[in-house]
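# Reading the structure
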Amino acid sequence: MASYKKLGKMAEDGIWGLVVGDALGVPVEFFSRESLKTDPVLGMRSHGTYNQPAGTWSDDSSMVLCGAEGLTEGLDYEKVMGLFARWYNEGYMTPHGETFDIGGATRRAIEKYSLGFPALECGGREENDNGNGSLMRILPLCFYLRSCFGEYTGYQTAFDIIGRFSSLTHAHPISIIACSVYCSAASFLMEGHDIASAIDMGSEKGLAACHSKKEWHKWADLFDGLSSKELKLQTLHGIKSDGYVLNTLKAAFWCLLTTESLSQCLLKAVNLGSDTDTVAAVAGGLAGIYYEPDEVFDSWKQMVAKKDMIEALCRRFARSLEERQGV
Ligand SMILES: [Mg+2]
């Protein structure tokens, strides 16, 4: 079991795990698994898919940083959505002043918000609105919830908040269930459990909370097979790393279960191919909570664009969490 960290440190390390994973994946987003097998990512690369310098992060990190900034002063959905709109429209919270990567549902939700719709009415509700766009940015909320409730999976209010936070861009039950399971696993990691137990308990609690809504049963049933035992039995072939939220969640859990350090976990995720940055970001958020950063990870972190800005924001967010917690 990883040594117990204070909440602020877990938040900083978790966000860094996510940002570094994103930056490792950006140059090879959409690359096939086969091509990465012959030329695997072993560290920060430049150019590639978006022709960006090494250390460039994308929408995943931008939206997480906007979320963390918004949550620093408490939970205000309009404020968070306003920051997302600034990111989309003005390049706010981007590595080089421009937004170069955005998912369809997220773009539609932000455009709706810009037309004057309330934040909680903007997220897509259709079954094909289940890309991984809310899962990839839900991490700061886990820290916020812990600062309010402690281990939060016993609180229906916490799951209601997770559902609303996802719904800013992704309001379909599949996306909300994926976020509920992920946040539950995060809660158990923060409680000091190992990765396999956190995934098992997190899947159980997250799904139980969603099963309380009868009309969601058919969606929750899609999440069968998320236990650590079943996931560990999966071969590489059984793991899909595309942009469908359920596949991203499974792939991220699989990477966490089959590696033994933060840097290993991120490389495994990126080299799955396809939605490289987001699978690594989603896995990296949890891996960052659990592991102490290793030397290789630290060397990558030094290369991240706007490192000082991210560091300062993470500190402010961490301080706000510990103040709320009364530490
Ligand atoms: Mg991205």
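Structure's up top.
We now turn to the structure provided with this report. (Residues numbered from 1 in each chain as written. Predicted model: local features only at pLDDT ≥ 70, side-chain atom pairs only at ≥ 80, totals over all residues.)

## Observations regarding the overall build of the protein
In terms of regular secondary structure, the protein is built from 16 helices and zero strands. Relative to the compact-globule value of 20 Å for 327 residues, the protein shows a C-alpha radius of gyration of 18 Å, a close match. Along the three orthogonal principal directions, the C-alpha set of the protein runs to about 45 × 45 × 45 Å. A burial count over the protein gives 54% of its 327 residues as buried. Sequence separation of at least 24 residues holds for 74% of the intrachain contacts in the protein that already meet a minimum separation of 6. (Helix = DSSP H or I, 4+ residues; strand = E, 2+ residues; numbered from the N terminus. Rg over C-alpha atoms; globule rule 2.2 N^0.38 Å. Buried ≥ 20, exposed ≤ 12 C-beta atoms within 10 Å, placed from the backbone. Contact = placed C-beta atoms within 7 Å.)

## Quick word on the nonpolar core
If you look at the biggest cluster of nonpolar residues, it comprises 106 residues, and the most contacted ones within it are Ala-178, Tyr-182, Ala-252, Leu-266, Ala-269 and Ala-283. Examining the composition of this core, we find that 13 residues originate from one element, helix α8 (residues 173-190), more than from any other. In this structure Ala-178 touches Leu-135, Val-245, Leu-246 and Leu-249, once residues within four positions along its chain are discounted. (Core = buried A, V, L, I, M, F, W, Y, C linked by C-beta atoms within 7 Å.)

## Remarks on the packing of helix α9 (residues 195-211) against helix α12 (residues 245-257)
Put simply, α9 and α12 touch, their axes get as near as 9 Å, and they point 150° apart. With respect to α12, the element α9 is oriented roughly antiparallel. The hand of the α9/α12 crossing is left-handed. Residue-level contacts link Ile-195, Ala-196 and Ile-199 of α9 to Phe-253, Leu-256 and Leu-257 of α12. Its residues assigned to classes, the contact of α9 with α12 shows six nonpolar, no polar and no charged. (Axes fitted to C-alpha atoms, helices over the stretch in contact; angles between N-to-C directions. Parallel < 35°, antiparallel > 145°, perpendicular 65-115°, else oblique. Left-handed = near helix turned anticlockwise from the far one by under 90°. Nonpolar A, V, L, I, M, F, W, Y, C, P; charged D, E, K, R; others polar.)

## Focus: the environment of Val-41
For Val-41, the position within the fold is in the loop between α2 (33-38) and α3 (59-72). By C-beta crowding, Val-41 is classed as buried, having 21 other C-beta atoms within 10 Å. Sequence separation between Val-41 and Asp-76 is 35 residues, and the spatial gap between their C-alpha atoms is 39 Å. With residues up to four places along the chain from it excluded, the contact list for Val-41 reads Leu-24, Val-28, Leu-36, Leu-267, Val-270 and Asn-271.

## Quick look at helix α13 (residues 262-270)
For α13, the tally of buried residues reaches eight of nine residues, placing the bulk of the element in the interior. Those residues of α13 that fall on the buried side of the exposure criterion are Leu-262, Ser-263, Cys-265, Leu-266, Leu-267, Lys-268, Ala-269 and Val-270. Buried residues in α13 make contact with α1 (7-25), α12, α14 (276-290) and α15 (295-301).

## A closer look at the environment of Gly-202
Relative to the elements of secondary structure, Gly-202 occurs in helix α9. The exposure class of Gly-202 is buried, given the 25 C-beta atoms found within 10 Å.

## Some remarks on the packing of helix α6 (residues 139-149) against helix α16 (residues 307-325)
Helix-helix packing: each pair is described by the crossing angle between the helix axes and the interaxial distance. Between α6 and α16, whose axes approach to 7 Å, the crossing angle comes to 25°. As the angle between them shows, α6 and α16 are arranged roughly parallel. Only Phe-317, Leu-321, Arg-324 and Gln-325 of α16 make contact with α6, whose side of the interface consists of Pro-140, Phe-143, Tyr-144, Ser-147 and Cys-148. Here the residues of the contact of α6 with α16 sort into six nonpolar, two polar and one charged.

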